[in-house]
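# Summary of structural features
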Amino acid sequence: MDYKQIVWLASYPKSGNTWVRLFLDAYFFGDIDINEILTSVADDRAGLYALGDGSKTEDMPINIQQLTRPMAMLRLVKQSQMTNRGIPLYVKTHTANMIANGVELIPAALTKGVIYIVRDPRDVLPSFAKHMGASMDDAVEWMNDKYRALAGRPGNVADFLSSWHGNVSSFLNDDVRPVKLIRYEDLREDPVKYFTEILEFSGVTPDPFKVRDAVKKVELSRVKKIEAKEGFKESSPHAKNQFFGEGKVGGWEDKLTPKQRFRIEKDFGRVMKRLGYLKQRAA
């Protein structure tokens, strides 16, 4: 039996992960319900981490939660094998690809591949600050905190993010798990091409007609209208019914102060250059 079943949809928060998940629903099921995403499952559902004694895992310290993570992910694999829907086991995560408290947070033994969605951290900052209900300056500090965890909502365990640099690098530098890097900016510019690549990497033979139809179904203008009408249960209480932004590429130029821009480019510069977000200086 092959236990390497999980195709991770990994990213730092506010980088386009949910948009990818909605596309997969539109592709496999023909339309979307933003409050009932069916194709993928989030890795922070507390029920997966249950110990069997009635205690609430989400109320435990994060280092104790992490001890149960490999078994929680194995439960997902076993559930997927029993249902056999013919769809890859997509698992959404914001957790860094690290070993914490002796625990492999992205278990290689259960991983088929990783689709890592990355976004210019200068565009992540204002969206992340809004989502967290924090000032831009505080959000910069959080994005720099290599020990940063994101507390879960009721019914969810915490996500160990690490810093933006740590989260991104933990996947980019992985030489054990197959990793497909997708830049959010490229996805926005040519969604048909890159959503097709996501399907191919997952082991799915894309249907070009279905891809184009799904792309239309997840146009951000349409998704925003649905959110405004129906709400979005994953939306932050600090940004009610405003989870889905304009998705503008380069919008940071009007939102960051020179000091905030300098801080991000200084602290994350090496990775940003590697990803093409900063130009290499001539020798």
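We now turn to the structure provided with this report. Residue positions within a chain follow its written sequence, with the count starting from 1. For this predicted model, a pLDDT threshold of at least 70 governs which residues receive local features, and a threshold of 80 or more governs which side-chain atom pairs are given and counted, while totals over whole chains, interfaces and linings are taken from all residues. Only hydrogens and water are set aside; all other atoms, that is, all heavy atoms of the structure, feed into the side-chain values.

### Notes on the overall build of the protein
For clarity, the cut-off: Under the DSSP-based scheme used, a helix requires at least four consecutive residues in state H or I and a strand at least two consecutive residues in state E, with every element numbered from the N terminus. Exposure classes here rest on a 1.4 Å probe applied to the protein chains alone. A residue is buried below 20% of its type maximum, exposed above 50%, and partly exposed in between. By definition in these notes, contact holds between two residues if any of their heavy atoms fall within 4.5 Å. Note on areas: Shrake-Rupley, 1.4 Å probe, and residue coverage restricted to the protein chains presented here.
Counting secondary structure elements, the protein contains twelve helices and nine strands. Counting only C-alpha atoms and orienting by the principal axes, one finds that the protein spans roughly 55 × 45 × 45 Å. For the protein, the residues scored as buried account for 53% of the 283 residues in total. The contacts of the protein with a sequence gap of at least 6 include a subset with a gap of at least 24, amounting to 73%. For the protein, the computed accessible surface area is about 13900 Å², with 50% contributed by carbon and sulfur atoms.

### Let's talk about unusual backbone geometry
One non-glycine residue with positive phi stands out, namely Lys14, at about 65°. As for its position among the elements, Lys14 is in the loop between β1 (6–11) and α1 (17–29). For Lys14, a relative accessible area of 13% translates into the label buried. The backbone of Ser162 sits at a positive phi, close to 65°, despite the residue not being glycine. For Ser162, the position within the fold is in the loop between β8 (159–160) and α6 (164–172). The exposure class of Ser162 is buried, given its relative accessible area of 2%.

### Describing the sheet that holds strand β6 (residues 111–118)
Condition: Criterion used throughout: strands pair if DSSP finds at least two bridges between them. Here an angle of 0 to 180 degrees is reported between the N-to-C directions of two axes, which are lines fitted to C-alpha atoms, with helices fitted over the stretch in contact.
Read across the open sheet, the five strands follow the order β2-β3-β1-β6-β9; overall the sheet is parallel. The open sheet has two edge strands with one neighbour each: β2 (40–42) and β9 (179–183). Across the sheet, the axes of successive neighbouring strands diverge by a mean angle of 25°, strand direction being ignored. For β1 and β6, the ladder comprises six bridges, and the chain directions are parallel. Among the inter-strand pairings, Ile6 is bridged to a residue of β6, identified as Thr111. Against the sheet, α1 touches β1, β2, β3 (89–93) and β6, its axis set at about 140° to β1. Contacting β1, β6 and β9, α6 runs over the sheet at an angle of about 140° to β6.

### Some details on the side chain of Ser202
Within the secondary structure, Ser202 sits in the loop between α8 (191–201) and α9 (208–217). Judged by relative accessible area, which is 1%, Ser202 ranks as buried. In this structure, Ser202 is in contact with Val7, Pro88, Tyr90, Lys112 and Ile115, ignoring residues within four places of it in sequence.

### A few points about the packing of aromatic side chains
Selection criterion: Note on aromatic contacts: the rings of Phe and Tyr and the six-membered ring of Trp form a pair at centre separations within 6.5 Å, being stacked when their planes are under 30 degrees apart, edge-to-face when over 60 apart, and tilted otherwise. Only lysine NZ and arginine CZ atoms are considered, and such an atom sits over a ring when it is within 6 Å of the ring centre and within 35 degrees of the ring normal.
What the rule picks out here adds up to nine aromatic pairs. Relative to Phe28, the ring of Tyr27 lies with its centre 5.1 Å away and its plane at 90°, an arrangement referred to as edge-to-face. An aromatic cluster is defined as three or more aromatic residues linked by ring pairs; in this entry it consists of Trp19, Phe23, Tyr27, Phe28, Tyr90, Tyr184 and Phe195. Sitting above the plane of the Trp142 ring, Arg148 keeps its charged end 4.2 Å from the centroid. One Lys or Arg, Lys210, reaches over the ring of Tyr27 and ends 4.4 Å from the middle of that ring.

### Some points on the pattern of salt bridges
For clarity, the threshold we go by: The term salt bridge refers to a side-chain nitrogen of Lys or Arg lying within 4 Å of a carboxyl oxygen of Asp or Glu.
If you walk through the whole model with that rule in mind, you get 13 salt bridges. A salt bridge links Arg263 to Glu141; the nearest nitrogen and oxygen atoms lie 2.7 Å apart. Placement of the pair is Arg263 in helix α11 (residues 258–267) and Glu141 in helix α5 (residues 136–143), with a sequence separation of 122 residues. With a shortest N-O distance of 2.9 Å, Arg261 and Glu265 are connected by a salt bridge. You can see Arg261 and its partner Glu265 sitting in helix α11, four residues apart, about one turn around the helix. It is possible to trace a salt-bridge network through shared partners that takes in Asp120, Arg122, Arg261 and Glu265.

### Remarks on the packing of α1 against α9
We count it as follows: Every angle not falling under 35 degrees, over 145, or within 65 to 115 is termed oblique; those three ranges are roughly parallel, roughly antiparallel and roughly perpendicular. Left-handed describes a crossing whose near helix is turned anticlockwise from the far helix through less than a right angle; right-handed describes the clockwise counterpart. Three categories are distinguished: nonpolar for Ala, Val, Leu, Ile, Met, Phe, Trp, Tyr, Cys and Pro, charged for Asp, Glu, Lys and Arg, and polar for the others, with Gly belonging to the last.
Relative to each other, α1 and α9 sit at 130°, their axes nearing to 8 Å. If you check the angle between α1 and α9, you find them oblique. Classified by chirality, the crossing of α9 by α1 is right-handed. In contact with Phe23, Ala26 and Tyr27 of α1, α9 contributes Lys210, Val211, Ala214, Val215 and Lys217. By residue class, the composition of the contact of α1 with α9 is six nonpolar, no polar and two charged.

### Considering the packing of helix α4 (residues 121–132) against α11
Running from N to C, α4 and α11 point in directions that differ by 125°, and their axes come no closer than 10 Å. By the criterion of interaxial angle, the relationship of α4 to α11 is oblique. Relative to α11, the crossing made by α4 is right-handed. In contact with Pro121, Arg122 and Leu125 of α4, α11 contributes Gln260, Arg261, Ile264 and Glu265. Considering only residue class, the contact of α4 with α11 consists of three nonpolar, one polar and three charged.

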